[in-house]
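Now for the letters of each chain:
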Number of protein chains: 2
Amino acid sequence: MSDDFENAPGPETGIELDMFRDADGRISPLWLERLRAFLEGGRAEDVALVMEPLHNSDVGDVLEQLDAAERVALVRSLGDLFDFSALTEVDESIRLEIMQALPNAEIARGVAELDNDDAVYLLEDLEQEDRDEILSALPTFERLALKRSLDFPEDSAGRRMQTEFIAIPPFWTVGQVIDYLRTEKDLPDEFYQLYVVDAAYKVLGTLPLDKFLRSARAIKIDTIMNTNFVLIDAEQDQEEAARSFERYDLVEVGVVDESGRLVGVLTIDDIVDVIQEEAEEDIRFMAGVGDEDVSDTTVDTVRSRVPWLVINLFTAVAVSFVIGLFDATIEQMVALAVLMPIVASMGGNAGAQTMTVTVRALAMRELDGGRLRRLIRREMVVGLANGVIFAILIGIVTGLRYGDVQLGIVIGLAMVINMIVAGTFGILIPLTLDKLKADPAIASAVFVTTITDVVGFFAFLGIAGLWFGLF
Amino acid sequence: MSDDFENAPGPETGIELDMFRDADGRISPLWLERLRAFLEGGRAEDVALVMEPLHNSDVGDVLEQLDAAERVALVRSLGDLFDFSALTEVDESIRLEIMQALPNAEIARGVAELDNDDAVYLLEDLEQEDRDEILSALPTFERLALKRSLDFPEDSAGRRMQTEFIAIPPFWTVGQVIDYLRTEKDLPDEFYQLYVVDAAYKVLGTLPLDKFLRSARAIKIDTIMNTNFVLIDAEQDQEEAARSFERYDLVEVGVVDESGRLVGVLTIDDIVDVIQEEAEEDIRFMAGVGDEDVSDTTVDTVRSRVPWLVINLFTAVAVSFVIGLFDATIEQMVALAVLMPIVASMGGNAGAQTMTVTVRALAMRELDGGRLRRLIRREMVVGLANGVIFAILIGIVTGLRYGDVQLGIVIGLAMVINMIVAGTFGILIPLTLDKLKADPAIASAVFVTTITDVVGFFAFLGIAGLWFGLF
């Protein structure tokens, strides 16, 4: 990705920035109107003029603001001036839509200009047929490098890696490396460390640029290189790789294939996106939203949400059957129907609290040994404590509302039971799903809510039936 | 933070790594048992021996695994060997607990060794009194730098920044800078770019190390520096700063005070933590969990969760009053009590889906102008579509279950209404909270659930009452 910030608040470009983004950092409506007018009027030169100063992430923002037809018009109007790396900055649905509207030959020309990791990012979601056509239009060297990256599993380090890096032999001196960097034209756009490798490209050491810069010309590389370094397996999942970046505060790390040969590097900017996506995924899954973007179409959105709602319909109907067991009881004492959602709702909320803490702790790998036992113990006690607190509160409220102390006691008892159940299952369900290698973020909420609903209604209606002799 | 990875899978250290972490990457129970035995036996030398190869984030993991007393024993046993930066890697509650157990003089000695940003991180949560005592025990230069950082608002870029950086004049040559870097002993631990400044420390340009390294010795700095660069205001919130890092794929950025003077730098490793925390916060807030860690005590946990449950109790009681309006209706037709939670539950889930998408889009600043209008329109249509789909499904199920077509029609109508309401308020409530400068992640869920419950029960019981003439 580009290392220029051409619309940043530098001395020369302050004016463009002010015009492009308003005070809240949003794209100025006036700016956008002007662009739209240029596009509509087919004024390609003016379009190029206003787009030229933008960073590719700003170009991505502009694309997301436009309508489908305008997006394609913008890309075509810019022609060769359009940097395809801007497409890595937009939502997947918009990316696919733009790429499907463009001829494959044009995409191939754009992709050829990209860094390997950005090119893979654009190609991996395309249909096999389009992908092959684009690949076959690329120069041999680029084609082979891309094919190799695409052979690694989806979401692996090998897919995300950049295949350009600087490898040097251990016997060079600092001076030789500096001379090499000054004369070699085909260097990566950005790099933060050098890789010291043997003839088979096995990594012997790494050398961060800042450490390298502090050393005199005569010094041999193998005397200053780090020999304790982290390497990442190309097959490893990108989330595991992100974990290493976070744990060891990495900025760049070497990626090796199964024979230990250095095949690429991962840089922090890619990993920031992975971290972001991963947290997003947990948030969405817990709320029963699939792999969905703000810019998805209505049909895609419905398609992504209906399955979750169908599951919820099943569980809601099941819960309603539990209530149905007590219809004779409710008929004799209609206050039970009025009060029963309170017990279920409180249990559902308490369960969601415990579940959320557990799901995130699992995602962050915070639950080993001692910490897990402590968390289970804590959540049980918290459930009991909250149960007692809210049993007393709701007991008093209900007693006063209906002038019936016994009804207050019954709802209080049901509340204690449901809060303990909520705490217990709020932790056990995500743990069990994790043990079964399922993603706890996806399914925990359904199970926890169903259990707290069933237990809430069953406990309240059951205790009431026994207490008041309604069976 | 350290740039060594001493327990990483390098050729020399493979054995230590295998022993410290098991195959799943968790700290090996055997390793931990041994450490515990050493701590109990007061064998300080053996403790030092097993701890010495660990990276400070691993030391943080070890501390989190131990009990409260063992943690302090470990820190005291290590004495001068304990690197206080490990405390930046543990949960806040554990950090405070350890620091409260240590004499302030010992903390001052440890803090003096730290980078400025890590030191601020440790000191900012302490009581004013302890903080002042520790500061007064530090050398003048460190004390002033820390005080200055601590004067910036909480969660600002100024709090997170590192005050050590490399500033060079524009008229130097590449050769002069290299010589300076080779001879100057007091350089930052890690750096990724150089700052070209005037006499008043106003930034004239930046120079990434990789670009710098490609230039010959005789070249003047001001001919190769980037003049389009991003700077961050020290008063700016760290989340806004994180946004800039994400948008422009930054690794390091200069931080300036109100007079435009360069006072520090932010690096990506700090920002990764900010991004992580921010997503965590949204997840927790949406589930009604406060600012809470896995290692918080039971009492702290109860204290953090009770307020949310109290709010839920209020809304649940309010919802129950709505049901209470219809108790005569329910008495005449008990099937309504059995079915009503289905309508409310489906609305609650659909509302949570829309709300989650909206809250995250707001957090990621994805909702300006065109995108916002499209999202609102989409969510209305999705609500309507889901309403129709699930009205038909639940209508059929209910009609069959009770052998009553009319009851099926009534619940279907209530479902359509509640799903549209869920979509509408799922988006309007977070947007309104955002406009009112409240955090939509915190309060949206309560409002959305309450509305879908009220509308769900009211629509279903009301329509049923009218349809069957039960009023």
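Residues numbered from 1 in each chain as written. Chains lettered and ligands numbered in written order. Predicted model: local features only at pLDDT ≥ 70, side-chain atom pairs only at ≥ 80, totals over all residues. Heavy atoms only, no water.

- The name given to chain A in an unreviewed UniProt entry is Magnesium transporter MgtE, and the organism recorded there is Devosia lucknowensis.
- Its UniProt record gives chain A a comment under Function (unreviewed entry), which states: "Acts as a magnesium transporter."
- Checking UniProt for chain A, the heading Sequence similarities (unreviewed entry) contains the comment "Belongs to the SLC41A transporter family." (UniProt positions renumbered as here; feature names shortened; annotations may be inferred.)

As for the sheet that holds strand E4 (residues 231–233) of chain B
Residue and element names in this part refer to chain B.
Then, in step 1: A sheet is described by the order of its strands in space; here three strands give the open sequence E4-E5-E6, paired in mixed fashion. Edge positions in the sheet fall to E4 and strand E6 (262–267), since each of these pairs with one other strand and no more. Within the sheet, the average angular offset between the axes of one strand and its neighbour, ignoring direction, is 35 degrees. (Pairing = 2+ DSSP bridges. Helix = DSSP H or I, 4+ residues; strand = E, 2+ residues; numbered from the N terminus. Axes fitted to C-alpha atoms, helices over the stretch in contact; angles between N-to-C directions.)

Describing the UniProt feature "domain: CBS" (unreviewed entry) in chain A
Then, in step 1: UniProt's entry tags residues 225–281 of chain A with the feature "domain: CBS" (unreviewed entry), counted in the numbering of this structure.
Then, in step 2: Secondary structure content for residues 225–281 of chain A is 44% helix and 25% strand, while the C-alpha to C-alpha distance between its ends is 39 Å.

What about the relation of the copies chain B and chain A?
Then, in step 1: Overlaying chain B with chain A gives an RMSD of 0.1 Å, the required rotation being 180 degrees about an axis along which the chain moves by 0.0 Å. As the rotation angle and translation indicate, the two copies are arranged about a two-fold axis.
Then, in step 2: Both copies present the same face, since 99% of the interface residues in chain B are matched by interface residues at the equivalent positions in chain A. (Least-squares fit on C-alpha atoms with pLDDT ≥ 70 in both. Contact = heavy atoms within 4.5 Å.)

Here we look at the pattern of salt bridges
Residues and elements named next belong to chain A.
Then, in step 1: With the rule as written, the count across this model stands at 52 salt bridges over all chains.
Then, in step 2: With its nearest N and O atoms 3.7 Å apart, the salt bridge here joins Arg36 to Glu33. On the criterion of helical spacing, the pair formed by Arg36 and Glu33 is a turn pair, its members being three residues apart in helix H2 (residues 29–40).
Then, in step 3: What makes Glu33 partly exposed here is its relative accessible area of 47%. (Salt bridge = Lys/Arg side-chain N within 4 Å of Asp/Glu carboxyl O. Buried < 20%, exposed > 50% of the residue type's maximum accessible area, 1.4 Å probe, protein only.)

Observations concerning the nonpolar core
If you look at soluble globular proteins, the nonpolar side chains tend to sit buried side by side.
Then, in step 1: Counting 82 residues, the largest nonpolar core has Met340, Ile342 and Phe460 of chain A together with Ile342, Met415 and Phe460 of chain B as its most contacted members.
Then, in step 2: If sequence neighbours within four positions are ignored, Met340 of chain A has contacts with Ile323, Ile330, Phe457, Phe460 and Leu461 of chain A together with Ala337 and Met340 of chain B.
Then, in step 3: With 44 residues, the next largest nonpolar core counts Tyr192 of chain A together with Ala234, Leu250 and Val253 of chain B among its residues. (Core = buried A, V, L, I, M, F, W, Y, C linked by side-chain atoms within 4.5 Å.)

Quick notes on a nonpolar patch on the surface
Residues and elements named next belong to chain A.
Then, in step 1: The grouping of Leu384, Val388, Ile392, Ile396 and Leu400 at the surface amounts to a nonpolar patch, some 490 Å² of accessible area in total.
Then, in step 2: Looking at where Leu400 falls in the secondary structure, it is placed in helix H20 (residues 369–402).
Then, in step 3: Judged by relative accessible area, Leu400 falls into the exposed class, the value being 69%. (Patch = residues over 30% accessible without salt bridge, like charges linked within 9 Å, V, L, I, M, F, W, Y side chains within 5 Å. Areas by Shrake-Rupley, 256 points an atom, 1.4 Å probe, with all protein chains shown as cover.)

Digging into the sheet that holds strand E1 (residues 167–168) of chain B
Residue and element names in this part refer to chain B.
Then, in step 1: Reading across from one edge, E1-E2-E3 is the order of the three strands in this open sheet, with mixed pairing throughout. Looking at which strands have only one partner, the edges of the open sheet turn out to be E1 and strand E3 (203–208).
Then, in step 2: Relative to strand E2 (residues 193–197), E1 is paired through two bridges, and the arrangement is parallel. Across the sheet, residue Ile168 finds its bridge partner in E2, namely Val196.

A look at the domain arrangement of chain A
Residue and element names in this part refer to chain A.
Then, in step 1: One can read the domain layout of chain A as domain 1 (14–154), domain 2 (167–286) and domain 3 (298–467).
Then, in step 2: The centre of domain 1, based on its C-alpha atoms, is set 28 Å off from the matching centre of domain 2.
Then, in step 3: Listed as interface residues are six residues of domain 1 and, on the opposing side, seven residues of domain 2.
Then, in step 4: Where domain 1 packs against domain 2, one counts one salt bridge.
Then, in step 5: Between Asp257 and Arg148 there is a salt bridge, with its nearest N and O atoms 3.4 Å apart.
Then, in step 6: At the junction of domain 1 with domain 2, the criterion picks out one residue pair in polar contact (both at pLDDT 80 or more).
Then, in step 7: A breakdown of the residues in the side of domain 1 that touches domain 2 according to their chemical character gives three nonpolar, no polar and three charged. (Domains from an automatic or database assignment. Polar contact = N/O pair within 3.5 Å; in protein donor to acceptor, adjacent residues only side chain to side chain. Nonpolar A, V, L, I, M, F, W, Y, C, P; charged D, E, K, R; others polar.)

Details of the interface of chain B and chain A
Then, in step 1: Contacts between chain B and chain A engage 136 residues on the former and 136 residues on the latter.
Then, in step 2: Summed over both partners, the interface of chain B with chain A buries about 11,400 Å², with 60% contributed by carbon and sulfur atoms.
Then, in step 3: Where chain B meets chain A, there are twelve salt bridges.
Then, in step 4: For the salt bridge of Arg247 of chain A with Asp61 of chain B, the shortest nitrogen-to-oxygen distance reads 4.0 Å.
Then, in step 5: Across the chain B-chain A interface, the total number found is 38 residue pairs in polar contact (both at pLDDT 80 or more).
Then, in step 6: A total of 17 residues in the side of chain B that touches chain A trace back to one element, the largest contributor, which is helix H19 (residues 335–363) of chain B. (Buried area = accessible area lost by both parts, 1.4 Å probe.)

Digging into the UniProt feature "transmembrane region" (unreviewed entry) in chain A
Residue and element names in this part refer to chain A.
Then, in step 1: Those residues carrying the UniProt feature "transmembrane region" (unreviewed entry) are residues 306–326, 332–359, 380–403, 409–433 and 445–470 in this numbering.
Then, in step 2: A distance of 42 Å separates the end C-alpha atoms of residues 332–359, which is 93% helix and 0% strand.
Then, in step 3: Helix makes up 100% of residues 409–433 and strand 0%, with an end-to-end C-alpha separation of 36 Å.

Re the pairing of E2 of chain B
All names here are of chain B.
Then, in step 1: Most of E2 is tucked away: five of the five residues are buried.
Then, in step 2: What you see with E2 is no split at all: Gln193, Tyr195 and Val197 on one side and Leu194 and Val196 on the other are buried throughout.
Then, in step 3: Note that the unit made of E1, helix H12 (residues 174–183) and E2 has a crossover that is right-handed.
Then, in step 4: Note that E2 and E3 share five bridges and pair antiparallel. Paired with Val197 across the bridge in E3 is Val203. (Right-handed = clockwise from strand over helix to strand, strands pointing away.)

Brief notes about the side chain of Asn418 of chain B
Residue and element names in this part refer to chain B.
Then, in step 1: Here Asn418 is to be found in helix H21 (residues 405–435).
Then, in step 2: Under the relative-accessibility criterion, Asn418 is labelled buried at 0%.
Then, in step 3: If we ignore the near neighbours within four places in the chain, the residues touching Asn418 are Val343, Ala344, Gly347, Thr452, Val455 and Gly456.

A closer look at the packing of helix H17 (residues 298–324) of chain A against H19 of chain B
Then, in step 1: Where H17 of chain A contacts H19 of chain B, the axes come no closer than 9 Å and their chain directions differ by 155 degrees. Taken together, the axis directions place H17 of chain A and H19 of chain B in an arrangement best described as roughly antiparallel. In this structure, H17 of chain A meets H19 of chain B at a crossing whose hand is right-handed. Residues Arg305, Trp308, Leu309, Asn312, Leu313, Ala316, Val317, Ser320, Ile323 and Gly324 of chain A of H17 of chain A pack against Ala337, Val338, Leu339, Pro341, Ile342, Ser345, Met346, Asn349, Ala350, Gln353, Thr354 and Val357 of chain B of H19 of chain B.
Then, in step 2: Tallied by class, residues from the contact of H17 of chain A with H19 of chain B come to 14 nonpolar, seven polar and one charged. (Parallel < 35°, antiparallel > 145°, perpendicular 65-115°, else oblique. Left-handed = near helix turned anticlockwise from the far one by under 90°.)

Overview of a negative patch on the surface
Residue and element names in this part refer to chain B.
Then, in step 1: On the surface, Glu92, Glu154, Asp155, Asp237, Asp273 and Glu277 cluster together to form a negatively charged patch.
Then, in step 2: Inspection of the secondary structure puts Glu154 in the loop between helix H10 (140–151) and helix H11 (157–160).
Then, in step 3: You can call Glu154 exposed: its relative accessible area is 57%. (Lys, Arg positive; Asp, Glu negative; His and termini not counted. Charge placed at Lys NZ, Arg CZ, Asp CG, Glu CD.)

Regarding the packing of helix H5 (residues 68–78) of chain A against helix H6 (residues 92–101) of chain A
Residue and element names in this part refer to chain A.
Then, in step 1: Here H5 crosses H6 at 60 degrees, and the two axes come no closer than 10 Å. Classified by the angle between their axes, H5 and H6 sit oblique to one another. Between H5 and H6 the crossing geometry is right-handed. Residues Ala68, Arg71, Val72 and Val75 of H5 form the contact with H6, whose participating residues are Ile94, Glu97, Ile98 and Ala101.
Then, in step 2: Within the contact of H5 with H6, the residues separate by chemical class into six nonpolar, no polar and two charged.

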